[in-house]
Amino acid sequence: MAQKNIVTVGFELNNDNVNYCEFNSDSSLLDFDIILFKPDIDEFVSHNDMFEGKPSLNDHMSFQLKDRIQHWRREIVESVDCGKTVVVFLSELTQVFIATGEKSFSGTGRNRQTTRHVESYDNYKIIPAELNVVKTQGQEIKLAPKNSELIASYWKEFSGESSYKVTIGDKVPL
């Protein structure tokens, strides 16, 4: 059996047989058989500017982050459509505000005010599915009898060393 071509995105493995791809690159995932992906956007987040208690990215970083997320989302969809194995490690939910590119103005002359419009964004936007994600943390879980086959063997073996940073509900809030 031929060796599988494996790549990690967003994190590195200490293995010479595994390729590494930076999150901030335009690489294609179609060259690989197995893709291990961690949606870590910390390199974009600056805690200098805050809005409603969350980091607010400047215009440049906002558009760069949105571009990267759209790129990887597209790559993940294409890889799955081509039969590749894609594993997304759900890292901690990182919520930020990004610029929409829209500005509004009020007043005239010296009293003119510019309002920069922002929207909520997070690292889970990279996943090509609508998810109901809640930021929380813990170590104990009870597997639901339905649809838990994929994680049951892992949890049986590694539950003592594992924790979670989010929960995912079955319905997207309106």
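In the block above lies the structure referred to throughout.
About the cut-offs
- Note that residues are indexed from 1 along each chain, following the sequence as it is written.
- Selection of residues for local features in this predicted model requires a pLDDT of at least 70, selection of side-chain atom pairs for listing and counting requires 80 or more, and totals for whole chains, interfaces and linings are taken over all residues.
- Working from all heavy atoms in the structure, the side-chain values ignore hydrogens and water.
- In this text, helices come from DSSP runs of H or I with a minimum length of four residues, and strands from runs of E with a minimum of two, each type numbered from the N-terminal end.
- Categorising residues by exposure relies on relative accessible area from a 1.4 Å probe, with only protein chains included: less than 20% of the type maximum marks a residue as buried, more than 50% marks it as exposed, and the intermediate range marks it as partly exposed.
- Residue burial considers only the protein chains on display, and all accessible areas are found by Shrake-Rupley using a 1.4 Å probe.
- The charge count includes Lys and Arg as positive and Asp and Glu as negative, but it does not include His or the ends of the chains.
- Every charge is mapped onto a representative atom, which is NZ of Lys, CZ of Arg, CG of Asp or CD of Glu.
- For each structure, a 1 Å grid was placed over the protein atoms alone; sets of points admitting a 1.4 Å probe that cannot get out are labelled cavities, open sets with protein on both sides within 12 Å along at least five of seven lines are labelled pockets, and lining residues have an atom within 4 Å of a point.
- Grid points are joined across faces, edges and corners, and a volume is the space filled by probe spheres set on the points.
- Residues are grouped as follows: nonpolar covers Ala, Val, Leu, Ile, Met, Phe, Trp, Tyr, Cys and Pro; charged covers Asp, Glu, Lys and Arg; every other residue, Gly included, is treated as polar.
- Salt bridges are defined as contacts in which a side-chain nitrogen from Lys or Arg sits within 4 Å of a carboxyl oxygen from Asp or Glu.

Engineer: For the overall build of the protein chain, give the residues involved together with the corresponding values.
Structural biologist: Scanning the protein chain from N- to C-terminus turns up two helices and ten strands. For the protein chain, the succession of helices and strands along the chain, N to C, is β-β-β-β-β-α-β-β-β-β-α-β. Expressed as a percentage of its 174 residues, the buried residues of the protein chain come to 27%. Accessible surface for the protein chain amounts to roughly 11,900 Å². Of this, 47% is attributable to carbon and sulfur atoms. A gap of 7 Å separates the mean positions of the 19 positive and 26 negative side-chain charges of the protein chain.

Engineer: Tell me what's going on with the layout of surface pockets, and back it up with residues and numbers.
Structural biologist: Over the atoms rolls a probe the size of a water molecule, and its path tells where empty space is left. Here the largest pocket defines a volume of roughly 1,200 Å³. As for the largest pocket, its lining consists of 25 residues, of which V88, L90, I151, V166 and I168 are closest to the centre. Contributing elements (two or more residues each) for the lining of the largest pocket: α1 (59-81), β6 (85-88), α2 (149-158) and β10 (164-169). Taken together, the residues that form the lining of the largest pocket break down as 18 nonpolar, five polar and two charged.

Engineer: Give a description of the environment of R110 that names residues and reports values.
Structural biologist: The topology assignment puts R110 in the loop between β7 (95-106) and β8 (113-122). Among the residues examined, R110 registers a relative accessible area of 86% and is labelled exposed. Put simply, R110 and E157 are 47 residues apart on the chain and 66 Å apart in space, counted from C-alpha to C-alpha.

Engineer: Any details on the pattern of salt bridges? Residues and values, ideally.
Structural biologist: Side-chain pairs of opposite charge can arise whenever the charged atoms involved come near each other. Counted by the stated rule, this structure contains five salt bridges. Residues E92 and K135 are paired through a salt bridge, measuring 3.6 Å at the closest nitrogen-oxygen approach. You can see E92 sitting in the loop between β6 and β7 and its partner K135 sitting in strand β9 (residues 132-138), a full 43 residues away along the chain. Residue E92 is classed as partly exposed on the basis of its relative accessible area of 39%. Put simply, D26, D67 and R68 are held in one network by salt bridges that share partners.

Note that every value here comes from positions in space, so none of it alone points to a role or purpose.
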